[in-house]
Amino acid sequence: MLAKSKFFGYFATLVQNVEKETTMEIGVVYPQTELNGDPEAVRAIGLATEELGYDYLLAYDHVVGADHADRDPELWGPYTDKDTFHCPFTMFSYLAAITERIGFATGVIILPQRQTALVAKQATDVDLLSGERLRLGVGTGWNYVEYDALGEDFASRGPRLTEQIGLLRQYWEESLFSFQGEFDQIDRGNINVRPNRQIPIWLGGFSEVAFRRAGALGDGFMFAGDYERCADGRSRVEHHLAENGRSDDEFGHELITLRARTPAEAAETIKRWEDSGGTHAAVVTMNCGLEGLQEHLDFIAETKDILG
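Numbers given to residues run from 1 along each chain, matching the order in which its sequence is written. Only residues with pLDDT of at least 70 are given local features in this predicted model, and only at 80 or more are side-chain atom pairs given and counted; all residues enter the totals for whole chains, interfaces and linings. Heavy atoms throughout the structure, all of them, feed into the side-chain values; hydrogens and water do not.

### Some thoughts on the overall build of the chain
Next, step 1: Counting secondary structure elements, the chain contains ten helices and ten strands.
Next, step 2: The globule rule is 2.2 Å times the number of residues to the power 0.38, and the radius of gyration it is compared with is taken over C-alpha atoms. Here the chain has a C-alpha radius of gyration of 20 Å; the compact-globule value for 308 residues is 19 Å, and the two agree.
Next, step 3: Overall size of the chain, expressed as C-alpha extent along the three principal axes, is 70 × 50 × 35 Å.
Next, step 4: A buried classification covers 48% of the 308 residues belonging to the chain.
Next, step 5: Taking as baseline every contact in the chain between residues at least 6 positions apart, the subset at least 24 positions apart corresponds to 72%.
Next, step 6: Total accessible area computed for the chain in this model is approximately 15000 Å², and 49% of it derives from carbon and sulfur atoms.
Next, step 7: Only four residue types enter the charge count: Lys and Arg as positive, Asp and Glu as negative, with His and the chain ends excluded. Throughout, a charge is located at the NZ atom of Lys, the CZ atom of Arg, the CG atom of Asp or the CD atom of Glu. The positive charge centre, built from 28 side chains, and the negative charge centre, built from 50, are 6 Å apart in the chain. Where helices and strands are cited, they refer to DSSP runs of H or I of at least four residues and of E of at least two residues respectively, numbered from the N terminus. Throughout, exposure labels follow a simple rule: accessible area from a 1.4 Å probe, protein chains only, divided by the maximum for the residue type, with under 20% read as buried, over 50% as exposed, and the rest as partly exposed. The contact criterion used is simple: two residues touch if any of their non-hydrogen atoms lie within 4.5 Å. The method behind every accessible area is Shrake-Rupley, applied with a 1.4 Å probe, and residues are considered shielded solely by the protein chains displayed.

Here's what the structure looks like:
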């Protein structure tokens, strides 16, 4: 028979292992570019995400699209003026009123092209009105035309993002404060109301700079692409966490299944990510040859059925 101390130690380890096995959250990426801005699609996908038992809905972000032709420098990103995007904050506010349980994740809000104080306020309202269901994913983006349209400097987006992350947390925590940074300032002020917690801030991107920034400042990272590339990125983030003396235990790792083209492929990728210790994974239905809202709904339903 185990001694009492050994028994409780064994029991604690068992509980920890069970907790680790049940921490994986699975979400759905809203297929913005294939539903033509249809309001009914927002409602249908939001409700289906909850009813099917998914944990969260993730939305991409672009304020302005642009024609890529004859640009110098070249626009290299995947979206043009033909691709439709809802504002994630507005969409989540609507969905918060018609759902009860699912979380909402921005994947990612292009933070440096926005006013920091305004994002602090918008994120606060979504989090408060949804019952603390927001996860704020942020990144730098790639579309300099969008930055120009919003009156922000594209070249300084990286340093500005770094400054903004800490500043957002000040807006959410301090009742009154002053700040004088390279890009933002405030003199004895703040937003009112403020959230009841520090809203989680996750990073997204593909570069070593993004991995380094997440290791220093982020609460998690959103990886997108094929599994091997995401796994390599995760190892880099873990390296930078260690360099900053931070534990990986409280850090989130999300895989967005960009390369899965069928429900079976999506489920297999998600299971691989979970087995490797990933904490979140999101099903993508865009670029899978689907036609119309119902086929997107069928895809996420079949994926969930496979996952069990």
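Additional details are given in the paragraphs that follow.
### Looking at the confidence of the model for the chain
Next, step 1: pLDDT expresses how confident the predictor is about each individual residue, on a scale running from 0 to 100. Overall, the predicted model of the chain reaches an average pLDDT of 94, with 93% of residues at or above 70.
Next, step 2: A low-confidence stretch, residues 1–21 stays under pLDDT 50, and its non-local contacts, those more than four residues away or across chains, total two contacts.

### Here we look at unusual backbone geometry
Next, step 1: A cis amide bond, omega 5 degrees, links D72 with the succeeding residue P73.
Next, step 2: Following the sequence through the fold, P73 ends up in the loop between strand 2 (56–59) and helix 3 (88–98).
Next, step 3: For the peptide bond that leads from N192 to V193, omega is 25 degrees, which places it in the cis range.
Next, step 4: Residue placement: V193 occurs in the loop between strand 6 (185–189) and strand 7 (201–204).
Next, step 5: With phi around 55 degrees, N36 is a residue other than glycine that occupies positive phi space.
Next, step 6: Here N36 shows up in the loop between strand 1 (25–29) and helix 2 (39–51).
Next, step 7: The residue N287 is not glycine, and still its phi comes out positive at about 65 degrees.
Next, step 8: Here N287 is to be found in the loop between strand 10 (280–283) and helix 10 (292–307).

### Section: the nonpolar core
Buried together is how nonpolar side chains tend to be arranged in soluble globular proteins.
Next, step 1: The biggest cluster of nonpolar side chains holds 66 residues, and the ones touching the most others in it are L57, L136, W172 and F221.
Next, step 2: For W172, the residues in contact, after removing those within four places along its chain, are A120, A123, T124, L136, I191, R194, P195, R197, Q198, I199 and I201. Nine residue types can take part in a nonpolar core, namely buried Ala, Val, Leu, Ile, Met, Phe, Trp, Tyr and Cys, and a core is a set of them joined through side-chain atoms within 4.5 Å.

### Quick look at a negative patch on the surface
Next, step 1: Residues forming no salt bridge and having over 30% relative accessible area are the ones grouped into patches, like charges within 9 Å of each other and nonpolar side chains (Val, Leu, Ile, Met, Phe, Trp, Tyr) within 5 Å. Just to be clear on terms, a salt bridge is a Lys or Arg side-chain nitrogen sitting within 4 Å of an Asp or Glu carboxyl oxygen. Taken together, E291, E295, D298, E302 and D305 make up a surface patch of like negative charges.
Next, step 2: In this fold, E295 is placed in helix 10.
Next, step 3: By relative accessible area, which is 34% here, E295 ends up partly exposed.

### With respect to the pattern of salt bridges
Next, step 1: A complete count under the given rule lists eleven salt bridges for this structure.
Next, step 2: K82 is paired through a salt bridge with D81; the nearest N and O atoms lie 3.1 Å apart.
Next, step 3: Owing to a relative accessible area of 41%, D81 belongs among the partly exposed residues under this scheme.
Next, step 4: Beyond isolated ion pairs, a larger network of salt bridges with shared partners links E152, R160 and D184.

### Some details on the sheet that holds strand 1
Backbone hydrogen bonds hold the strands of a sheet together, and the pairing may be parallel or antiparallel.
Next, step 1: Pairing is parallel in the closed barrel, where eight strands are placed in the order 1-2-3-4-7-8-9-10. Averaged over neighbouring strand pairs, the angle between their axes works out to 25 degrees when direction is ignored.
Next, step 2: By the convention used here, strands pair only if DSSP detects at least 2 bridges between them. Where strand 1 and strand 2 come together, three bridges link them in parallel fashion. Each residue of the ladder has a partner; that of V29, found in strand 2, is L58.
Next, step 3: Helix-sheet contacts for helix 6 (residues 157–173) involve strand 4 (134–139) and strand 7, and the interaxial angle to strand 7 is about 165 degrees. The axes are straight lines fitted to the C-alpha atoms, using for helices just the contacting stretch, and the angles between their N-to-C directions are given from 0 to 180°.

### As for empty space enclosed by the protein
Next, step 1: The rule is simple: put a 1 Å grid over the protein atoms alone, call a set of points where a 1.4 Å probe fits but cannot get out a cavity, call an open set with protein on both sides within 12 Å along at least five of seven lines a pocket, and count a residue as lining if it has an atom within 4 Å of a point. Grid points are joined across faces, edges and corners, and a volume is the space filled by probe spheres set on the points. One pass over the full model with this rule turns up one cavity of 30 Å³ or more.
Next, step 2: For the largest cavity, the full set of lining residues is H62, V64, G65, A66, Y79, T80, W142 and N143.
Next, step 3: Tallied by class, the residues present in the lining of the largest cavity amount to four nonpolar, four polar and no charged. Ten residues, namely Ala, Val, Leu, Ile, Met, Phe, Trp, Tyr, Cys and Pro, are considered nonpolar, four, namely Asp, Glu, Lys and Arg, are considered charged, and the remaining ones, Gly among them, are considered polar.

### Comments concerning the layout of surface pockets
Next, step 1: Roughly 1000 Å³ of internal volume is contained in the largest pocket.
Next, step 2: When contributions to the lining of the largest pocket are tallied by element, the ones reaching two or more residues are strand 3 (103–110), helix 6, strand 7, helix 7 (208–217) and strand 8 (220–224).
Next, step 3: Taken together, the residues that form the lining of the largest pocket break down as 19 nonpolar, twelve polar and seven charged.
Next, step 4: Contributing to the lining of the second largest pocket are 33 residues, with T23, D249, F251, T279 and H280 lying nearest its centre.
Next, step 5: Of all elements in the fold, only helix 1 (4–21), strand 3, strand 4 and strand 9 (252–256) reach the threshold of two or more residues within the lining of the second largest pocket.

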